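Report on the structure
Residues per chain, in single letters:
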Amino acid sequence: MSPTTKFLFAGSTIICFMMPIGIAMNDQSLRPPLKLEGVRKNVGTESARSGLPKASIMNPSVLKLRGGSDNNIYHSHNFELRRGVQLKTVASRGEEGVDVYFTLEGETKGLTLHWGVSSSTADEWIIPQKVGCAAIMPPDSVMYKERAIRTPLRSTNGRWEAHIQIPEAESKKLIGLRFTMFEPSSDRWYPGGAGGNFFVPIREDFSKPASKRPPALQRSPSFTGGVDIEEMQQKMSDPPPQPKPGSGGVVLTSDITHLMWNAAQRGKAWVDGKKESVAMRLQRSPSFESAVQILSKMQEEQDQHKKEAEDFFKNQGGRLYVIPFYYQSKGSKKGQVRVKVIKETTVTITVEPERGDAGPGPLLLHWGVGPKSPREWKRPESQVLSSVVGGAESALVGDAAQTPLRADGGVQTIEFSFEAGKSPQGITFVFKDTSNSAWYKPDSGNFCVPVSEAGRAAMDSAGGKDHGEPSSGMVRTLSGTIIPPLEGADVAKQVFEAEKQGHVTLMHRYQAALRVLEQTPPGEAGINAITMVFIWLRFSQIRQLSWQRNYNTKPRELSAASENLNKAIAWRWKNAGSEEKELFRLMLGCIGRGGSGGDGQAIRDEILHIMHRHHLPETKGNFIEEWHQKLHNNSTPDDIAICMAFLAFLASNGNMAEFDRVLAENGLNRERLKTYERPITTAPCFYGDKKDGLINDFNNYLRILKNVHAGADLEKCVEVCRGFLDGHVNLLLESILRERSAHGDRVLAVIDSITEVRQLIGLKMSKEGDIVKLRDMLYLDIGLEAQMRLMAERSLGQLDRLNMESLTRSLALWISLTIENLIYSSSPGVGVLQGHPDSVSDEFKACLRDWAGLVEEAHKGYGPGFAVKAMAVVERMRRALASVVDKISTGMQKKAEYLGYGLCAVTPEKIPEKWSITLFSEELIRGGGCSFVLSTLLRKLDRALRAQGGGTRWQVISAGKPSGVVGELVEVRDLLSVQDVSYDKPTVLLASSVSGEEEVPPGVVGVITPDAPDVLAHISVRARNLKVFFATCFDSDEFESLSKFAGRRVTCSRSGDSVSVREAQTGEGEEAKEAQSAASQAPVKIELPPPAKFSNWCLPEKSIDPDRRPKIFGAKSTNIVKVRKQLPEWVQTPRSAVVPFGVFEKVLEAAENKAVATEYTALAKEAAALAKGTGEPHEVLRRLRETVLKLQAPKAMVDELRTALLDSGIIKQGELQGKEWDEAWHALKGVWASKWNDRAFYSCKKAAIGQQHVQMAVLVQRLVEAEYAFVVHTVNPSNGDKQEMYAEVVVGLGEVLVGNFPGRALGFAMRKDGKSPARVVSLPSKSVGLFGGGLIFRSDSNGEDLPGFAGAGLYDSVPMVHNKKRTLMYNREPLVVDPKFADKIMKGICKLAVDVEAAMGGEPQDIEGCYKGGGVLRGANSASGLICRELGGRLTTTILREGAELINQYPGRSPPAGPLAEFLSASAAAALIHRKPASPGVAGGLSPRQVGTGAELVGAEAASPGLDAVERRWLGVGGAVWGWLVAPIL
């Protein structure tokens, strides 16, 4: 058995050894497993797990008021809105339905219930009218923006109450009410549970307590009812020896075997999730470092844009403004508006879509002018209206004019030309999309651009002459570029107002931040405001905002302001979702603990007591006196660093170098001390006779300073929390403090204990109701995370000294601990997957669950397969980590620039500095949390695993030509950005990103990328068909090193399992260059078959005649019948029906589609013109697709389609009615519309095919609800070995493969003779799987599989229903953990490859298939039974048949010479194998043996000895012939 397969048997071939790796064994006992005393066991409710508040029982008086009894009430809750104010909810069932009561208790003004209903899930919020429940609205309720109902609470008997009555019929449609509370008088929202809303169930079955969790899961952080550690430990296998407790409290063992076991068990407690998660949005960055580089490149692009604006002013004397905005085009897209103003007379407004998108629909400029002020909106006079260039007619609408923009592809433009001296000061405008009536503008206002320099000066003076116009929402960078208002700009305005005051201190800033938070709504509605507040406080924390300006703050006042703010943050954290939790946690780390006790005043008093106690001089020119004056005037967090520096100065007997060193370590120096409003200009004086007493007193004073200013100081946090934490946790914390400076083999022990404490306090935080205790635990958690990172960064360099095996095992533990800490930062105490689409923590939880088993295996001793398994999880971790970078950069950097430059405009100090603004995200990424630690660890482990066979540095997806390719190396950011580029000489692209859906641009002979598209991704198939070299480089260092060849001719070729890229020698590749030049001068022209006329609306399978002429359907429908006759009986194909050629045209002619037909014809002509020219096609193509979707179905078609599907056994009687038919019709039109997708346009243009003449048939099949899907290549595409097949397998439906979802499939190669075991290339690391069934409508055009044109895969297949997406955890996946099952799957797939290839005459095949339960494999093909594409120069089965017919039509004519002769000969021979005895005269160059073997395989008339041997072999290996069913998959 080869090492690459042995991983499948890791469970039975474990090599057990318990030696520590890279760490010396000591004689200390192992730490005992945890045992928590006094913790409730097996307590939990459904509400607790779903984020609902715990139920509380109504008191008897309330029950009496409600007119019900205890038995009628099945739900009651207490919600604390704020301190002293509670909202009680009661749901009870009566004879007429369900009554829900809301009662407020405590001092409060009248509140309004802002509510909706849930009909399917607790997260749903819809208005009752949408589910036919309008009757439940109370009489005094109003609808709010068709999104919610608002019901005011009325005062009754001293209570504020509301009552919603839900009749019995309506109650059956609903599962609950979702609501929040709103105070109209103060515009204040009161947050609810996770996600920001409250939920009240109205069904008994939604309120029942949950059953007890299995013991093995009771340590899960998600188990909110408590943990039974002792019981869980009894279930764990192979624990290390139990230590004896020592006398010094908890012993932190450094034995790595115990630490690995402990981390593995803790990781294994994470439970499987059932909800949708994050993976589709993950960025394909090859590593964390690469993602940071992408962020840096984005900043470089922004700087380049600023330079462009400056150059435009220098060269043309004009102003350039670039303003981003969002528009609708298959979701929200980000475009930009570029406005050029030249000499106050010419204004050009250009709307550019997001790269690769067709852009919005036709736009109208809805505009006004400012005659006296640039921000005015006045209706344009006739003279101004006539200034529009190009003759576009403007319409006056109210106080505005509306003028259409001129479209050129996806770009839309309008130009104004004003007379000199008569231009307005500014133009204010928005856009209206005529295709969907949507309005587009910046988030917080209108587009506003100054035209005259007077207008520009007016905008400057309004908000800061140098940098921006924050009062108007517009901000200007230091170079003059305008940044338009962003999401959260309203909060930014409040920040600008607060910071521009003449007196500002930390106290004022904290008070202002508190006011903003109190006005910010919970949930998604407030996320942008919360982000702005964090950025504001972060600028303050890093001293990029003044801590004191013209105001003396008493320390106790600052202390109180700090406490009020951090308690409010802790309150919001408790009721927030995971994304908000992370922001609030970051926010809390920016401010001190504060306190309303005596510590604030003690800062002033104690320094005087120290001076008096030691008789220190209280005169000017003395360090202590100057510091005392500064403390009295305004104490800040700087005082902690000054105190620490003075203590170091005293301890070193007056060494000023120590004083300066400690200041520098905390970001200060003596020059900074001189800048305070009460400056410290004198150096400290050493008092030798008072040294010990001063050190004692100033250590005590340092604790006072930390109490107020240092929220996350670990020592202080432990002291504060000690009184309410469990005894065992306190013992662990004391041990952590004692060994904070540990080195070498003690570091992992401390980090392991830090991780354990964070897990346990996370559980406690999730249940804690006391906000002060919660705040203190949050500070403790932040302090522990900082300590973990500090110790990790200090120790990682030591790992490089270990040998490879020890390094791998040690890194496995390091990574496990680091991921745990990352998860606890965003989801403390929560272990289950939350199902939030954008939740990075969900992805890390899945990774941790998979990694836990690997840590345990490494702890016991790993075999050869460990590296392969570990690499799959490492790749997934790297993607998740890259998404962290993306979230920070996209969510914060733009806001940081907006807020930073705006602050720079309004603050007298002109801060923040530019570096702190432009590098905000990068510094946050590198300096926050454990992300950078994990990045370093993964980089080290990646190299170690590859060195041990865990993965190659290269994967060749398409080998191109046998001798390699030669071309000029060109670097591109992504392949999508060069889709419309034609290269006039052979080119090799070095593409940083490849999505998998792109087309290979003309002239490209090679593509190298760090991404790993699946072998069936569109770009992979196209590269093989076009003989383009296509390879993935997994080594980020090597990929980056290839940029040195940019601009030079290189040779790319396969070199064993690697790739050779070298500079081409003189004359090398000239033949290919000449051939390409000749090809470009005489482009190939492919003729489409004559258009077929309408025959039938739909054909059942029994009516599909593959020999019918002229053809009325494509190769897929033809093959579905032919292939079934040729394949062995145990291989089956799916039942199908076909909507033939001509139906689309017939529908277009229907009377009800007359207007649509007119629009379609005009657009098709535009597209045809663009195909012959050089214009941008995206807009026209988008409108064509939308036009097709407007078609209505003739009744005759509806009836005939249903009948054909019934006759074919695809649907049952009564199906495809009502809503089902609407979904089916939309899917069918989606296939027709895909004729006009971008990749088809570029492919047809390159082949000179008239796209408007392409006819589209539609093949209808039923999806198999697969557990696994696969694609098989009967010839290995990586090395061209015809004796070896290659396959990829994924969990769920095959769309994850063909759609190139992030991650890799199970990839394996296997010899066709079955004499060698499978060679596993990669294990699965896809983040999600798709699951579901239903009908699927597949493209079957006359533009696919044409001779000389690789058209397969150009058009779309559309499922009738959307599939469910689920985050995958492979630790329980049989394909990964069950060696016998995996071996069975791989052997069965190989058998399918051998038999199908034989049945198809020995021609190479691409086969798609799926597996579904019961041990039965079902081979499948996504289009027509078996798609056969070109591989290694071999041709598709469709072309084989067409070729034979060409020869037969011209009897007696000799086959042409050259490659075409080989093609026609092979085609004729293959076709004759199927139809009649082989004729050597027609067979051409094929030997009788080839023809004979083909005939025997396909016809199966006489079994040859070779075939018998193959069958006997497979029966021997597989044990039995499996049942196979070829069916469509997604």
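Everything quoted here is computed from the prediction, not taken from an experiment.

**A short note on the overall build of the protein**
When helices and strands are counted, the protein shows 48 helices and 47 strands. Within the protein, the proportion of its 1530 residues that are buried is 58%. Summarising the internal contacts of the protein: among those between residues at least 6 apart in sequence, 71% fall at separations of at least 24. Total accessible area on the protein stands at roughly 59,900 Å², and carbon and sulfur atoms take up 51% of it.

**Let's talk about the environment of Glu-1295**
Note that Glu-1295 resides in helix 41 (residues 1295–1298). The class of Glu-1295 is partly exposed, set by a relative accessible area of 24%. Put simply, Glu-1295 and Leu-1330 are 35 residues apart on the chain and 7.5 Å apart in space, counted from C-alpha to C-alpha.

**So, the sheet that holds strand 8 (residues 159–167)**
Overall, antiparallel pairing links the 5 strands, which are arranged 1-2-3-8-7 in an open sheet. The open sheet terminates on both sides in strands that have one partner only, identified here as strand 1 (73–82) and strand 7 (154–156). Direction aside, the axes of adjacent strands within the sheet are offset by 30 degrees on average.

**Looking at the packing of aromatic side chains**
The description of two aromatic rings rests on the distance between their centres and on the angle between their planes. Inspection of every chain in the model, using the stated rule, returns 34 aromatic pairs. The structure contains a cluster of three or more aromatic residues connected by ring pairs, namely Phe-623, Trp-627, Phe-646, Phe-649, Phe-659, Phe-686, Phe-698 and Tyr-701. Taking NZ or CZ as reference, Arg-150 lies 4.5 Å from the ring centre of Phe-182, over its face. Looking at Lys-630, its charged tip hangs above the ring of Tyr-676, at a distance of 4.9 Å from the centre.

**A word on the sheet that holds strand 36 (residues 1137–1139)**
Taken together, the 5 strands give an open sheet; going across it, the order is 35-36-37-43-44, and neighbouring strands pair in antiparallel fashion. Strands with a single pairing partner mark the edges of an open sheet, and in this sheet they are strand 35 (1099–1100) and strand 44 (1357–1359). Two strands pair when backbone bridges link them, and strand 35 and strand 36 are joined in this way by 2 bridges, in the antiparallel orientation. From the neighbouring strand, Leu-1099 faces strand 36, where its bridge partner is Val-1138.

**Observations concerning unusual backbone geometry**
Across residues other than glycine, the phi torsion is negative in most instances, and most of the peptide bonds are trans. Each neighbour pair has its own omega, and for Ile-911 with Pro-912 the value is 10 degrees, a cis peptide bond. With respect to the secondary-structure elements, Pro-912 resides in the loop between helix 27 (866–906) and helix 28 (914–918). A cis amide bond links Arg-1109 to the next residue, Pro-1110, at an omega of -5 degrees. If you trace the backbone, Pro-1110 turns up in the loop between strand 35 and helix 34 (1115–1126). One non-glycine residue, His-615, lies in positive phi territory at about 55 degrees. You can call His-615 exposed: its relative accessible area is 69%.

**Description of the environment of Asn-634**
Assignment of secondary structure puts Asn-634 in the loop between helix 16 (623–633) and helix 17 (638–651). With relative accessibility at 3%, the residue Asn-634 sits in the buried group. A sequence separation of 86 residues divides Asn-634 from Gln-548, and the C-alpha atoms of the two residues are 7.1 Å apart. Residues in contact with Asn-634, not counting those within four places in the same chain, are Thr-505, Trp-547, Gln-548, Thr-553 and Asp-639. A distance of 3.2 Å separates a polar atom in the side chain of Asn-634 from the backbone oxygen of Trp-547. Polar side-chain contacts of Asn-634 include one of 3.4 Å to the side chain of Thr-553.

**Re the side chain of Thr-1274**
Mapping Thr-1274 onto the fold places it in the loop between strand 38 (1268–1273) and strand 39 (1284–1291). Polar side-chain contacts of Thr-1274 include one of 2.9 Å to the side chain of Glu-1397. Within the structure, the side chain of Thr-1274 is placed 2.7 Å from the backbone nitrogen of Gln-1405, a separation counted as a polar contact. When sequence neighbours within four positions are dropped, the list of residues in contact with Thr-1274 reads Lys-1282, Glu-1284, Met-1285, Lys-1312, Ala-1393, Glu-1397, Glu-1403, Pro-1404, Gln-1405 and Ile-1407.

**A closer look at the packing of helix 24 (residues 771–795) against helix 25 (residues 804–826)**
Their axes nearest at 11 Å, the elements helix 24 and helix 25 cross at an angle of 155 degrees. The pairing of helix 24 with helix 25 is recorded here as roughly antiparallel in orientation. Taken as a pair, helix 24 and helix 25 cross one another with a handedness that is left-handed. Contacts between helix 24 and helix 25 involve Asp-781, Glu-785, Met-788, Ala-792 and Ser-795 on the former and, on the latter, Trp-814, Thr-818, Asn-821, Tyr-824 and Ser-825. Residues of the contact of helix 24 with helix 25, tallied by class, amount to 4 nonpolar, 4 polar and 2 charged.

**A look at the pattern of salt bridges**
Throughout the structure, instances matching the rule amount to 55 salt bridges. One salt bridge connects Arg-746 with Glu-739, and the closest N-O pair in it is separated by 2.9 Å. Neither residue differs from the other here; Arg-746 and Glu-739 are each classed as buried. A salt bridge links Asp-800 to Lys-940, with the nearest nitrogen and oxygen atoms 2.8 Å apart. Taken together, the positions of Asp-800 in the loop between helix 24 and helix 25 and Lys-940 in helix 30 (residues 931–947) put the pair 140 residues apart, joining distant regions of the chain. Exposure remark for Lys-940: the relative accessible area of 18% places this residue in the buried category. Three or more residues joined by partner-sharing salt bridges are found here, namely Glu-563, Arg-593, Arg-775 and Asp-776.

**Focus: the nonpolar core**
Counting residues in hydrophobic clusters, the biggest one holds 128 residues, and the most contacted among them are Leu-780, Phe-844 and Trp-851. Per-element tally for this core: the top contributor is helix 27, with 20 residues. When sequence neighbours within four positions are dropped, the list of residues in contact with Trp-851 reads Ala-812, Ile-815, Ser-816, Ala-870, Val-873, Val-874, Met-877 and Leu-941. One finds Met-1197, Leu-1205, Trp-1225 and Val-1258 within the second-largest nonpolar core, a separate group that totals 53 residues.

**A few points about helix 36 (residues 1154–1172)**
An α-helical turn contains 3.6 residues, so a residue and the one three or four places further along point in the same direction. The terminal C-alpha atoms of helix 36 lie 28 Å apart, and with 19 residues this matches the ideal 27 Å at 1.5 Å per residue to within 8%. Contacts made by the buried residues of helix 36 are with helix 35 (1143–1149), helix 37 (1178–1188) and helix 40 (1238–1246).

**Some remarks on the packing of helix 16 against helix 17**
Put simply, helix 16 and helix 17 touch, their axes get as near as 12 Å, and they point 165 degrees apart. As summarised for this structure, helix 16 and helix 17 are arranged roughly antiparallel, according to the angle between their axes. Seen along the crossing, helix 16 lies across helix 17 with a hand that is left-handed. Between helix 16 and helix 17, the contacting residues are Phe-623, Ile-624, Trp-627, Lys-630 and Leu-631 on the first element and Asp-639, Ile-642, Cys-643 and Phe-646 on the second. Here the contact of helix 16 with helix 17 is built from residues that sort into 7 nonpolar, no polar and 2 charged.

**Describing the pairing of strand 33 (residues 1049–1055)**
Pairing between strand 29 (residues 965–972) and strand 33: 4 bridges, direction antiparallel. Of the residues in strand 33, the one forming a bridge with Val-966 is Thr-1051. As judged from the 6 bridges shared by strand 33 and strand 34 (residues 1058–1063), these two strands associate in the antiparallel manner. Across the sheet, Ser-1055 pairs through a bridge with Ser-1058, a residue of strand 34. Joining the antiparallel neighbours strand 33 and strand 34 is a turn of 2 residues, in which Gly-1056 adopts a positive phi near 65 degrees.

**Some words on the environment of Asp-689**
Structurally, the position occupied by Asp-689 is in the loop between helix 19 (670–673) and helix 20 (691–709). A polar atom in the side chain of Asp-689 sits 3.5 Å from the side chain of Lys-690.

**Some thoughts on helix 24**
Relative to the 36 Å expected for 25 residues at 1.5 Å per residue, helix 24 spans 36 Å between its end C-alpha atoms, a close match to the ideal helical length. A large share of helix 24 lies buried, amounting to 19 of its 25 residues.

**Focus on the confidence of the model for the protein**
Detailed reading of the predicted coordinates is not advisable wherever pLDDT falls low. For the protein, the mean per-residue pLDDT works out to 76, and 76% of the residues sit at or above 70. A low-confidence stretch, residues 1077–1084 (pLDDT under 50), is modelled with 3 contacts involving residues beyond four sequence positions or located in other chains.

**Regarding the pairing of strand 28 (residues 954–959)**
Across the 6 residues that make up strand 28, a large majority, 5, are buried. Relative to strand 32 (residues 1029–1033), strand 28 runs antiparallel, the two sharing 5 bridges. Bridging from a neighbouring strand, Ser-958 pairs with Phe-1030 of strand 32.

The rules behind these values
- Numbering of residues starts from 1 in each chain and follows the order in which that chain's sequence is written.
- Thresholds applied to this predicted model are a pLDDT of at least 70 for local features of residues and 80 or more for the giving and counting of side-chain atom pairs; totals over whole chains, interfaces and linings are not thresholded and use all residues.
- The side-chain figures draw on all heavy atoms in the structure; neither hydrogens nor water molecules are used.
- In this text, helices come from DSSP runs of H or I with a minimum length of four residues, and strands from runs of E with a minimum of two, each type numbered from the N-terminal end.
- A simple rule labels every residue: compare its accessible area, found with a 1.4 Å probe on the protein chains alone, to the largest value its type can have, and call it buried under 20%, exposed over 50%, or partly exposed in between.
- It only takes one pair of heavy atoms within 4.5 Å for two residues to be counted as in contact.
- Under the convention used here, a 1.4 Å probe and the Shrake-Rupley method define accessible areas, while residue burial counts only the protein chains that appear.
- Each pair of strands is called paired provided DSSP finds at least two bridges between the two strands.
- To obtain each axis, a line is fitted to C-alpha atoms, and for helices this fit is confined to the stretch in contact; angles are then taken between N-to-C directions over 0 to 180 degrees.
- A pair of aromatic rings is counted whenever rings of Phe, Tyr or Trp (Trp by its six-membered ring) have centres within 6.5 Å, and the orientation is called stacked for planes under 30 degrees apart, edge-to-face for over 60 and tilted otherwise.
- Only Lys NZ and Arg CZ are tested; either one counts as a charge over a ring when it is within 6 Å of the ring centre and within 35 degrees of the ring normal.
- Within 3.5 Å is the distance limit for a polar contact, defined as a pair of N or O atoms, with the added protein rule that one can donate a hydrogen and the other accept it, and that residues adjacent in sequence qualify only through two side-chain atoms.
- Angles below 35 degrees are treated as roughly parallel, those above 145 as roughly antiparallel, those between 65 and 115 as roughly perpendicular, and all remaining angles as oblique.
- Handedness of each helix crossing follows the sense of rotation of the near helix against the far helix: counterclockwise by less than a right angle gives left-handed, clockwise gives right-handed.
- Gly is put with the polar residues, along with every residue not named as nonpolar or charged; the nonpolar set is Ala, Val, Leu, Ile, Met, Phe, Trp, Tyr, Cys and Pro, and the charged set is Asp, Glu, Lys and Arg.
- Note on definitions: salt bridges are taken to be side-chain nitrogens of Lys or Arg within 4 Å of carboxyl oxygens of Asp or Glu.
- Take the buried Ala, Val, Leu, Ile, Met, Phe, Trp, Tyr and Cys residues and link them wherever side-chain atoms come within 4.5 Å; each set so joined is a nonpolar core.
- One fewer than the residue count of a helix, multiplied by 1.5 Å, yields its expected span.
- As a per-residue measure, pLDDT reflects the predictor's confidence and takes values from 0 up to 100.

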